[in-house]
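Here's the letter readout for the chains.
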Amino acid sequence: MTLVYPSYYPHFSCIADRCRHSCCIGWEIDLDGETLGKYKNAPGEMGERLRKGIEETEDGAHFRLTKDERCPFLNNRGLCDLIIAWGEESLCQICRDHPRFRSFYSDRTEIGLGLCCEEAGRLILSWQERTELLNEEESVEPEEKEFFALRRELTELAQDRLLPFEKRMEKIRVCCGLADDARTPKDWAGFYLSLERMEEDWARRLEKIQMESWPAIPKELEIAFEQLLVYFLYRHLPGALEDGMYPERVAFCLLSVKMIAALLPRDATMEDLIEIARMYSAEIEYSDENIQALLDEMV
């Protein structure tokens, strides 16, 4: 089985206690069966802490968060006591993987980094070279071959730096036969406000969008927006192999880029973009319900 990944992927490393938005705060941390068995039989004081910190329900097991929604093993220095005591290999699957995601095919597994991690976002959006997929080989399944050819074509259009970025998005829209959406940023902000939300700051930012036309992509951030579009195509187009929603998923990728641009403050910096992309990812990408609602809204 071939492992495929974007060219920036090997350069990622967690910044641990320097992270402003720890993935150990505010997220329910599910435990896979193998790790749960190890934790139940773990020795010593740490074993006792583990058993006290685990909650089991009919839907599975997870760590019991503290009152301020912290993982019980996140210490006051922002570091993981499990890693300190037993190393990274002691972590459950979701903690070892995050912020990575995977897509599985007949002859390959694709792996990537999620934008909800601020350091992953910084790496992806600051990457100056065209993103390439390393170790890529042709699939043996005809349907997958067709999918990879389409995604490769769309990615090449997204990375055609001889064209302004807005022109590239327009070519992708036309290539996929998508109608020109007449809805404004204000219209779409209203729809996003109808979705489930995690942070109130997200709602406040959406409520500020009163624009009747889409803002131009800042010239100094054009490469970052290119990386953003390539990321969305890489992560979200594969779902069409299961649900057949190819045009809807392309439309979702284009809309996501436009909404992130609409959420940026005036004179936005790269740090502003990284933060907005992080919020968008956490609020939308990590909610299957929100993604499905957006796909259903695409025409």
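The paragraphs below set out a description of the structure included in this document. Remember, predicted model here, so these are calculated numbers, not experimental data. (Residues numbered from 1 in each chain as written. Predicted model: local features only at pLDDT ≥ 70, side-chain atom pairs only at ≥ 80, totals over all residues. Heavy atoms only, no water.)

What to know about the sheet that holds strand E6 (residues 108-113)
Strand order in this open sheet of 4 strands is E5-E6-E1-E7, and the pairing throughout is mixed. Unpaired on one side and paired on the other, strand E5 (100-104) and strand E7 (133-134) mark the two borders of the sheet. Relative to E6, strand E1 (residues 2-6) runs parallel, the two being bridged by 3 bridges. Within E6, the residue paired with valine 4 across the bridge is glutamate 110. The sheet strands contacting helix H10 (residues 222-236) are E1, E5, E6 and E7, and the helix crosses E6 at an angle near 140 degrees. (Pairing = 2+ DSSP bridges. Helix = DSSP H or I, 4+ residues; strand = E, 2+ residues; numbered from the N terminus. Contact = heavy atoms within 4.5 Å. Axes fitted to C-alpha atoms, helices over the stretch in contact; angles between N-to-C directions.)

A look at the nonpolar core
Judged by nonpolar contacts, the single largest core of 71 residues is most densely connected at Tyr192, Phe225, Leu229 and Leu294. Ranked by residues supplied to this core, first place goes to helix H12 (residues 246-263) with 12 residues. What phenylalanine 225 contacts, discounting residues up to four positions off in sequence, is Phe165, Ile217, Pro218, Val257, Ile260, Ala261, Leu264 and Leu273. Core analysis: the next-biggest nonpolar cluster, separate from the first, contains 17 residues, Leu31, Leu36, Ala61 and Cys80 among them. (Core = buried A, V, L, I, M, F, W, Y, C linked by side-chain atoms within 4.5 Å. Buried < 20%, exposed > 50% of the residue type's maximum accessible area, 1.4 Å probe, protein only.)

Some remarks on the layout of surface pockets
Roughly 490 Å³ of volume is contained in the second largest pocket. Lining the second largest pocket we find 21 residues, and of these Arg173, Asp180, Asp181, Leu254 and Lys258 sit closest to its centre. Of all the secondary-structure elements, those providing two or more residues to the lining of the second largest pocket are helix H7 (165-175) and H12. Among the elements that take part in the lining of the second largest pocket, H12 stands out by supplying 5 residues, more than any other. The residue makeup of the lining of the second largest pocket, split by class, is 14 nonpolar, no polar and 7 charged. (1 Å grid on protein atoms, 1.4 Å probe; cavity = no way out; pocket = protein on both sides within 12 Å on 5 of 7 lines; lining within 4 Å. Points joined across faces, edges and corners; volume = space filled by probe spheres on them. Nonpolar A, V, L, I, M, F, W, Y, C, P; charged D, E, K, R; others polar.)

Concerning the pattern of salt bridges
As a working rule, side chains carrying opposite charge can pair if their charged atoms are close by. This model, assessed by the stated rule, comprises 23 salt bridges. Arginine 49 is the salt-bridge partner of aspartate 81, the closest N and O atoms lying 3.2 Å from each other. Here the residue aspartate 81 occupies a position in helix H3 (residues 81-86), and arginine 49 occupies one in helix H2 (residues 44-53), the gap between them amounting to 32 residues. Accessibility expressed as a relative area gives 17% for aspartate 81, which makes it buried. With a shortest N-O distance of 2.9 Å, arginine 168 and glutamate 226 are connected by a salt bridge. Here glutamate 226 lies in helix H10 and arginine 168 lies in helix H7, a separation of 58 residues in the sequence. Counted as one network, the salt bridges with shared partners bring together Arg161, Arg168, Lys219, Glu222 and Glu226. (Salt bridge = Lys/Arg side-chain N within 4 Å of Asp/Glu carboxyl O.)

Considerations on H2
By the burial criterion, the buried members of H2 are Met46, Gly47, Leu50 and Gly53. Projection of H2 onto a plane perpendicular to its axis shows the buried side chains occupying an angular sector of 135 degrees, all on one side. Turned more than 90 degrees off the buried face of H2, the exposed positions are Glu45 and Lys52. Buried positions along H2 lie against helix H1 (33-40), strand E3 (54-57), strand E4 (60-63) and H3. (Arc of directions from axis to C-beta.)

What to know about a negative patch on the surface
A cluster of acidic residues, Glu28, Asp30, Glu55, Glu58 and Asp59, forms a negative patch on the protein surface. By the secondary structure assignment, glutamate 58 is in the loop between E3 and E4. Take glutamate 58: its relative accessible area is 83%, and that puts it in the exposed class. (Patch = residues over 30% accessible without salt bridge, like charges linked within 9 Å, V, L, I, M, F, W, Y side chains within 5 Å. Areas by Shrake-Rupley, 256 points an atom, 1.4 Å probe, with all protein chains shown as cover. Lys, Arg positive; Asp, Glu negative; His and termini not counted. Charge placed at Lys NZ, Arg CZ, Asp CG, Glu CD.)

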